[in-house]
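Residues per chain, in single letters:
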Amino acid sequence: MTQAQLSSVGRAPPGRSAGALGWLRSQLFSSPLNALLTVLVVWVLLMALPALVDYFFIKPDFAATTAAGCREAGGYCWALVREKHRLILFGLYPYDEQWRPLLASVILLGIIVCSAMRRFWRPALGLAWVVALVAVGVLMWGGVFGLSYVEDARWGGLPLTLILATFGIGIAFPFGVLLALGRRSNMPAVRAVCIIYIELIRGVPLISLLFMSSVMLPLFLPEGFSIDKLLRAQIALILFTAAYIAEVVRGGLQAIPRGQVEGADSLGLSYWQQMRLVVLPQALRISIPTLVSTFISLFKDTSLVVIIGIFDLMQAARAAVLDSAWQGFSIDSYIFIAVIYFVFCFSMSRYSLALERRLNQGQQR
Amino acid sequence: MAGQDLAPSPRATGARRARRWSWNDPTTRAIIYQVGLLLLVGLLIWYLAHNTLRNLAARNITTGFDFLQQRAGFSIGESAIEYSPTDSYGRAVLVGLLNTLMVSVVGIVAATVLGTLLGIGRLARNSLVSGLCGIYIEVMRNIPLLLQLYFWYALVTEVMPSARKAFSPLPSVFISNRGLRLPWLQGNAIEWMLGGLALAIAACLLLSHWSRRRQEASGRSFALLPACVALLLALPALGWWISGAGFVVDRPVLKGFNFQGGFTVTPEMFALLAGLVTYTAAYIAEVVRSGIQAVNKGQWEAAASIGLSRARVLRFVILPQTMRVVIPPMTSQYLNLVKNSSLAVAIGYPDIVAVTNTILNQTGQAIEGIAIIMAAYLVVSLSISLFMNWYNKRMALVER
């Protein structure tokens, strides 16, 4: 802003930068390079926008219900969305029971949205979470209240993605906080164990942990004892996320001035009292925006469970175009779930920005 | 160092005094806690190892890395070194590692260039440019990389025409559902040209060192960029001339259902590189943007006041200072790119994870396989961060 004003003041009388024409001139045509860029961008937009509108809204036959109809009309295959959205959203869950994963997703989303609002930040929220998670479990598994039992191998689609992400962050968070505290402890053995864990996990790709959970975890367990595939993937996600959360929280802890601890010491608080009442509340407040980013990464990373054959949103999107009639429509299917992922991740990142602004109000002049 | 701030300080309370073995003594408590933790971790490891050995014995799997010498028996789509199914598992792992490294290096260079341009574009005064860069960044960052890889792969294999109807934007360049085919050079001139290129790079490094020394000593500047470009073009050309212009251009030709000759970028490699580069570039753009914004506004104003154009301010004043802020977060983006290249396994590019996974399925050597993958990534990650730390130290502001 200041930059623009400065240079325009230096080079031209002020009249030229006023008004709509002046805005155009200073914004878009201030220098030959700038004008060239403008022309280039406008050209790209003129080429791309009509083509996109044509591809998504003009060409396609909105009434078509088959792949053949899509092929005939060209453009985006809305018939795929119409015919396969239940498979993509809920996976292999029994067709007639799909209201259950739908309701479970709504409950999960509702509790997440409530947790995002400051007016609900009170102890009762914890209780609400317990109730919500139990309800989700009951709805998904069934077997009680007259609901038929559905084994978790048949779960899939969006609810599975949401469950993996929510449980992932929920369990990884306390674990990560403990690791962060351990890494800053002055007991050398505790510190060493935490550092080794964090660096080891952060140094390897998530895929290798997922492979480890799928091929090595069965070897680790005593004979005759097995954990199912979904739980194994969930464990890998938790172990992975905890290491990242630990580093985020460590950053927050480092930002707390020493005087806070000394003050707490002088009150005679024990270590855990100091952490719980003085240090962690401040450190976590500082780390909230970064924690939200970690949550976004986790949400995106849940898509990797495809690789060990778990039927999440991504795998469901791939399965939707597997049968021969729908072959060649992968891109359409991917665009559909890309929009879903985008909506979730983008709203989280906006939320994190708003939160950051709000929490920093005290620092602003 | 900073790690000692927060925990209770046993030193303050009585490390010097005679030790009283009581629960109220922080030193004693610390020792008990640590012994307890180590015991717990040790027990856990022992328990897992014990179960694992028993399970392996029950399944008749021998442990150890001897299987690496066995014949692999599977083929690998692309490899930088010679490889055939009769080679050993060890060589297959090496092929996978080289593929990972190659994709990582190409990806890091391309993502840095694209990301820097996007980051500068995000801050452009031109609101069309900055808006478009902003949209790109948001879209890329909020869609899982794996989905983007699948998207690129489907784009090549499903939307591109078959080899017979290949799309040819330039003569002898073909884009089809078999990937990208480019003309390539054959013959001994290539070695001479590569030698010339290496010589030119060395000369450029020396020249830049010399020109900086001269500028520091005398204030006279030297047109480094044109000189380097000239060297980079001239020396390979000289190599080509010395070798007696002895090379032929190997042009891809359609034979039957596929192309023969030329250089191929397979759909797998294309999808992996396109996905990694466009995805990581969005993150690098944000790193560059925040780096530029971290430079004090006074620097812009001072540089503008001596009459530098905006482009020159950016080049001579802002970007050099940005480098200092940017190196640590840039390092983590590079590390992320290397780790994300492991997603190659999903689209069938033979990187180290894909190759090791195949071996693991063939031999049942799960533990060794995972250990190889993890060790490879740990070594690569550590090397990158060591190098970047060294570079960071060199670039960091030297104060009194």
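Predicted, not measured: the structure shown is a model, and the values here were computed from it. (Residues numbered from 1 in each chain as written. Chains lettered and ligands numbered in written order. Predicted model: local features only at pLDDT ≥ 70, side-chain atom pairs only at ≥ 80, totals over all residues. Heavy atoms only, no water.)

(A) Region of interest: the UniProt feature "transmembrane region" (unreviewed entry) in chain B. All names here are of chain B. Taken from the UniProt record, the annotation "transmembrane region" (unreviewed entry) applies to residues 30-49, 92-120, 189-210, 222-249, 269-288 and 370-391. The annotated region residues 92-120 carries 100% helix and 0% strand content, and the separation between its end C-alpha atoms amounts to 42 Å. Counted over residues 370-391, helix gives 100% and strand 0%. Its end C-alpha atoms are 32 Å apart. (UniProt positions renumbered as here; feature names shortened; annotations may be inferred. Helix = DSSP H or I, 4+ residues; strand = E, 2+ residues; numbered from the N terminus.)

(B) Spotlight on the interface of chain A and chain B. Across the boundary between the two partners, chain A contributes 75 residues, which contact 69 residues of chain B. Between chain A and chain B, roughly 6,100 Å² of surface is buried when both sides are summed, and carbon and sulfur atoms account for 68% of that area. Across the contact surface, chain A and chain B share one salt bridge. Ionic pairing is found between Glu138 of chain B and Arg350 of chain A, a salt bridge with its closest N-O pair at 3.1 Å. At the surface where chain A touches chain B, the tally comes to 14 residue pairs in polar contact (both at pLDDT 80 or more). The class makeup of the residues in the side of chain A that touches chain B is 48 nonpolar, 16 polar and 11 charged. (Contact = heavy atoms within 4.5 Å. Buried area = accessible area lost by both parts, 1.4 Å probe. Salt bridge = Lys/Arg side-chain N within 4 Å of Asp/Glu carboxyl O. Polar contact = N/O pair within 3.5 Å; in protein donor to acceptor, adjacent residues only side chain to side chain. Nonpolar A, V, L, I, M, F, W, Y, C, P; charged D, E, K, R; others polar.)

(C) Structural view of the side chain of Thr161 of chain A. Assignment of secondary structure puts Thr161 of chain A in helix 8 (residues 157-183). When residues no more than four places from it in sequence are discounted, the contact partners of Thr161 of chain A are Phe299, Thr302, Asp312, Leu313 and Tyr341 of chain A.

(D) View of the sheet that holds strand 7 (residues 263-265) of chain B. Residue and element names in this part refer to chain B. The strand order across the open sheet built from three strands is 1-2-7, with neighbouring strands paired in antiparallel fashion. Across the chains shown, the open sheet's two edge strands, defined by having one partner strand only, are strand 1 (174-176) and strand 7. Taken pair by pair, the neighbouring strands of this sheet meet at an average axis angle of 20°, ignoring direction. Bridge count for strand 2 (residues 179-182) against strand 7 is three bridges, and the pairing is antiparallel. Considered in strand 7, the bridge of Arg181 is made with Thr264. (Pairing = 2+ DSSP bridges. Axes fitted to C-alpha atoms, helices over the stretch in contact; angles between N-to-C directions.)

(E) Representation of the domain arrangement of chain A within the structure. Residues and elements named next belong to chain A. Each assigned domain of chain A is listed with its residue range as follows: domain 1 (67-93 + 150-356) and domain 2 (97-149). The C-alpha-based centres of domain 1 and domain 2 are spaced at 18 Å. The partner domain 2 presents 19 residues to the 16 residues of domain 1 that form the contact. Buried area between domain 1 and domain 2, summed over both chains or domains, comes out near 1,700 Å², and the portion from carbon and sulfur atoms is 73%. Considering only the side of domain 1, the residues that lose the most area to domain 2 are Phe90, Tyr93 and Val150, jointly responsible for 34% of the buried surface there. At the surface where domain 1 touches domain 2, the tally comes to zero salt bridges. Where domain 1 packs against domain 2, one counts seven residue pairs in polar contact (both at pLDDT 80 or more). A total of five residues in the side of domain 1 that touches domain 2 trace back to one element, the largest contributor, which is helix 8. A class-by-class count of the residues in the side of domain 1 that touches domain 2 yields 11 nonpolar, two polar and three charged. (Domains from an automatic or database assignment.)

(F) Main features of the packing of helix 3 (residues 89-122) of chain B against helix 10 (residues 310-340) of chain B. Residue and element names in this part refer to chain B. Interhelical geometry of helix 3 versus helix 10 gives an angle of 135° and a closest axis separation of 11 Å. In terms of their interaxial angle, helix 3 and helix 10 are classed as oblique. When the axes of helix 3 and helix 10 are compared, the crossing they make is right-handed. Between helix 3, through Ser104, Gly107, Ile108, Ala111, Thr112 and Ile120, and helix 10, the contact on the second element is made entirely by Leu314, Leu319, Met330, Tyr334, Leu337 and Val338. Taken together, the residues of the contact of helix 3 with helix 10 break down into nine nonpolar, three polar and no charged. (Parallel < 35°, antiparallel > 145°, perpendicular 65-115°, else oblique. Left-handed = near helix turned anticlockwise from the far one by under 90°.)

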